[in-house]
Every structure is written in structure tokens, then in C-alpha cells.
Amino acid sequence: MIWLLGNKGLIGSEIQNALSENKLPFVASDIEIDISSPDALESFASSVDTSSYFPSNIPRSQRKIKWIINCVSYSGDDSDKAHLVNSVGACNIARVARKIGAKLIHISSEYVYNNKGNEPFTEDCVKAPENCLGISKSEGEDLISKEMTQYYIIRPSCVYGRNDESFVNSLLSKMNENSELAISSKIRFSPTWASDVASVIIRLIDKTDHAKGFIGAGSTPAFGVYNFSDTGDVSLYDFAVELLKIGRKTGIISNDCKILSESSNSDFDFDLNAGGEYFVLNNDKISAALKFRIPSWQKSLEKYIKSIKF
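Draft legend 1. Spatial organisation of the packing of aromatic side chains. In total, this model carries 14 aromatic pairs according to the counting rule given. An aromatic cluster of three or more residues is present, and its members are Tyr160, Phe167, Phe189, Trp193, Phe239, Trp297 and Tyr304. Here Lys103 stacks its cationic end above the ring of Trp67, 5.7 Å away from the centre of that ring. Directly above the ring of Tyr226 sits Lys285, whose terminal nitrogen or CZ lies 4.6 Å from the centroid.

Draft legend 2. Looking closely at the pattern of salt bridges. Considering all chains together, one arrives at 12 salt bridges under this definition. When the shortest N-O distance is used, the salt bridge between Glu147 and Arg98 registers 3.1 Å. Of the two residues, Glu147 sits in helix 4 (residues 132-147) while Arg98 sits in helix 3 (residues 79-100), which places them 49 residues apart along the sequence. The buried category is assigned to Glu147, whose relative accessible area is 14%. Each of the salt bridges in this network shares a partner with another, and the network as a whole consists of Lys127, Glu141, Asp142 and Arg155.

Draft legend 3. Focus on the layout of surface pockets. If you add up the space inside the largest pocket, you get close to 1300 Å³. Surrounding the largest pocket, 39 residues form its lining, Leu10, Ser73, Tyr74, Ser75 and Leu133 being those nearest its centre. Put simply, the parts of the chain that give the lining of the largest pocket at least two residues each are helix 1 (10-21), helix 3, helix 4 and helix 5 (167-177). Among the residues forming the lining of the largest pocket, the class breakdown is 20 nonpolar, 12 polar and seven charged.

Draft legend 4. Fine view of the sheet that holds strand 10 (residues 224-228). Taken in spatial order, the six strands line up as 2-1-3-4-5-10 in an open sheet, and their pairing is parallel. Only two strands of the sheet have a single neighbouring strand rather than two, namely strand 2 (26-29) and strand 10. Taken pair by pair, the neighbouring strands of this sheet meet at an average axis angle of 15 degrees, ignoring direction. Bridge analysis of strand 5 (residues 151-156) against strand 10 gives five bridges, and the strand direction is parallel. Bridge pairing in strand 10 links Arg155 to Asn227.

Draft legend 5. Just the pairing of strand 1 (residues 2-5), in detail. Across the two faces of strand 1 the burial is the same, with Ile2 and Leu4 and Trp3 and Leu5 all buried. Relative to strand 2, strand 1 is paired through four bridges, and the arrangement is parallel. Note that in strand 2 the partner of Leu4 across the bridge is Ala28. With helix 1 bridging strand 1 and its parallel neighbour strand 2, the resulting β-α-β unit is right-handed. As paired elements, strand 1 and strand 3 (residues 67-70) share four bridges and run parallel to each other. Bridge pairing in strand 3 places Leu5 opposite Asn70.

Draft legend 6. Highlighting helix 3. With 22 residues, helix 3 extends 31 Å from end C-alpha to end C-alpha; this agrees with the ideal 32 Å at 1.5 Å per step. Of all the bends in helix 3, the largest measures some 30 degrees and sits at Gly89. What helix 3 keeps buried is the set Ala82, Val85, Asn86, Ser87, Gly89, Ala90, Cys91, Asn92, Ile93, Ala94, Val96 and Ala97. The secondary structure elements touched by the buried residues of helix 3 are strand 1, helix 2 (38-46), strand 3, strand 4 (103-107) and helix 4. For helix 3, the N-terminal cap is Asp78; the gap from its side-chain oxygen to the backbone nitrogen of Asp80 is 3.1 Å. Just beyond helix 3, the residue with positive phi is Gly101, at close to 75 degrees.

Draft legend 7. Local environment of the packing of helix 5 against helix 7 (residues 236-250). Where helix 5 contacts helix 7, the axes come no closer than 11 Å and their chain directions differ by 70 degrees. Considering their axes alone, helix 5 and helix 7 lie roughly perpendicular with respect to each other. In this structure, the crossing between helix 5 and helix 7 has a hand that is right-handed. Where helix 5 abuts helix 7, its residues Phe167, Val168, Leu171, Leu172 and Met175 lie against Phe239, Ala240, Leu243 and Leu244. A breakdown of the residues in the contact of helix 5 with helix 7 according to their chemical character gives nine nonpolar, no polar and no charged.

Draft legend 8. A look at the environment of Lys137. Relative to the elements of secondary structure, Lys137 occurs in helix 4. Lys137 has contacts with Val72, Ser73, Asn86, His106, Ile107, Ser108, Ser109 and Val112, leaving out every residue within four places of it along the chain.

Draft legend 9. Layout of the sheet that holds strand 8 (residues 188-189). Pairing is mixed in the open sheet, where three strands are placed in the order 11-8-13. The open sheet has two free edges, formed respectively by strand 11 (234-235) and strand 13 (278-279), since each of these has just one partner strand. Pairing analysis gives two bridges linking strand 8 to strand 13, with the strands arranged parallel. Residue pairing across strands places Arg188 opposite Tyr278, the latter belonging to strand 13.

What counts as what
Residues numbered from 1 in each chain as written. Predicted model: local features only at pLDDT ≥ 70, side-chain atom pairs only at ≥ 80, totals over all residues. Heavy atoms only, no water. Phe/Tyr/Trp six-rings, centres within 6.5 Å; stacked < 30°, edge-to-face > 60°. Lys NZ or Arg CZ within 6 Å of the ring centre and 35° of its normal. Salt bridge = Lys/Arg side-chain N within 4 Å of Asp/Glu carboxyl O. Helix = DSSP H or I, 4+ residues; strand = E, 2+ residues; numbered from the N terminus. Buried < 20%, exposed > 50% of the residue type's maximum accessible area, 1.4 Å probe, protein only. 1 Å grid on protein atoms, 1.4 Å probe; cavity = no way out; pocket = protein on both sides within 12 Å on 5 of 7 lines; lining within 4 Å. Points joined across faces, edges and corners; volume = space filled by probe spheres on them. Nonpolar A, V, L, I, M, F, W, Y, C, P; charged D, E, K, R; others polar. Pairing = 2+ DSSP bridges. Axes fitted to C-alpha atoms, helices over the stretch in contact; angles between N-to-C directions. Right-handed = clockwise from strand over helix to strand, strands pointing away. Expected span 1.5 Å × (residues − 1). Bend = angle between axes of the 7 residues up to and from the residue. Contact = heavy atoms within 4.5 Å. Polar contact = N/O pair within 3.5 Å; in protein donor to acceptor, adjacent residues only side chain to side chain. Parallel < 35°, antiparallel > 145°, perpendicular 65-115°, else oblique. Left-handed = near helix turned anticlockwise from the far one by under 90°.

Geometric descriptors of this kind do not, in isolation, establish any biological role.
The following block contains the structure:
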């Protein structure tokens, strides 16, 4: 049994879809469970077999929680709230996971890095966050590692999806509303479809549950921290050009918007005031652990645009 927290968010909603498609038994919750309250989390975990949140077609014998997936996140600029959700909340979830004997998958952020430089960040790079999201997510990671050992922390990069506030949807709206847009040519990143994040999490659970041991072929992926993004990287300007091209081809973009390259004063603020302009992650660790080829950002972007058209 899987407990998915934050099922209505950008990544959480895609994970819920993937769990359903793969017929994995799960129970989902969102803001109705206050993760800053240890009592609320423990109460839900202890009564999940009779909970109204639980699908009635799942036998009670299969209702023991073996996995917790935490997608709850606060990305605003209120440092107190960010600390309460991304740090304290993550710690509380880890404590509950350890208490009930469940493994934890926690969604962190690329903003734990300083987002400066020109080489893809590896999991071993020193963390140096510069905004509320990065600082609180970094603290949450540290607290989880102190509370338990059977955890996977996933640091996704520049995620977009069906959520109205995702940056791809915002760019599409601006393209339909403006005759021209000035887009930064300095920001470099690896755009990542939320559906691909969900797929890698399903793969991680499957490989861990069906592992034959901790060493050798068929072994459990090592617990710890993993970067994840779609492969390849691109400037925000070139990404906007490609998005416009796909948007026109699929009929989502209806006007004659022009994309202008701009080194500063961009019409689209992407970096969340993180202090950096480089958002590229090295994916070698997770690719090797799960033995699969991560899709390119171009292919995933086109799949996403075609999916929202219909």
C-alpha cells in the first residue's frame, strides 16, 4: 500500500494517475492532512485501514502502508511557511514512515543548489540554496536523513505539467496574448515533464519491491538522493522558440507572436529569484540505478503539448 501526500499538486497529480494506470493500491491525501502536525499524520496512518479516504475495493489485508510519497511543497516567499511545510513537515512524515516501517520517497528541488556555473550538478555537489524554497527543501532533506535510512529523495528540475501555474502553460498563455516576447538567452535549464517524474517514481518502487537483494544484479537501488530531469539542456530563449513551433503545429498557438532574444529584462521570470541562471542536473546516478534511458526534453515536450490539446 502506498500513501501519496500532495496528490493535487503538479507532480502529485501525475503520480496519482501513474499509480492508477499501474493498478498499484494507494490512498491519497492533500491539504486535509496537516503535515506540520505529527498527531494528524499518525492518526491518519494508524486508521488508514478504515479511513474514508481509502478505496473500498481494496481488501483490509492489503492496507498496510509500505510506501509514503511526499509531494507536499510550498514554493512561495514566506520563509516561515516554507520552513513549516518543506522542513518541519518533511521531518514529521519521515518520523511516521520510520514508526510504521514504510519506505519514503520525498520530492525535493533543484533549488538546493546555487544554480550558478556551467557544469551539470551532481548529487555530491555542495548544497548552497539562495531562496526560501531551496533553503527549506535543503533543511527537509537533512532532517529526513537524520530520521531514517530507507528513503529516496528526488531532486527534479524545472517541472511543468497540467497545473495552470506551470511555466510552460504560462509561456503558452503569453504567446497567445502578445505579438512579441523578450526571453532570456542566459538562463539554461533541463525542462522536465511531470509525467516523466511520476514514471521514474513508479519504476523506483517496482525495482525496490521486486529486488532480490542489496548487491548485484536485480538489487535494490541504493537509498539516498537522486537528481532527475529529462535529458538535454537548452536556453530559455531556445526553449521558447521550440515551444512556439510545437504550439503552432498543434494549433494551440493561434497568433503571430515573435520571440526576441534578451540577455536581461525578460518578459518571463523563470528563476524564482534563486540567484542563479543555471538549472541543469546530472542524471547519471538514477539512470544507472534504474537501468533505463531517460526521455529527451524535446520528445516529452511534444508529447505534453499533444496531450493538452486533446
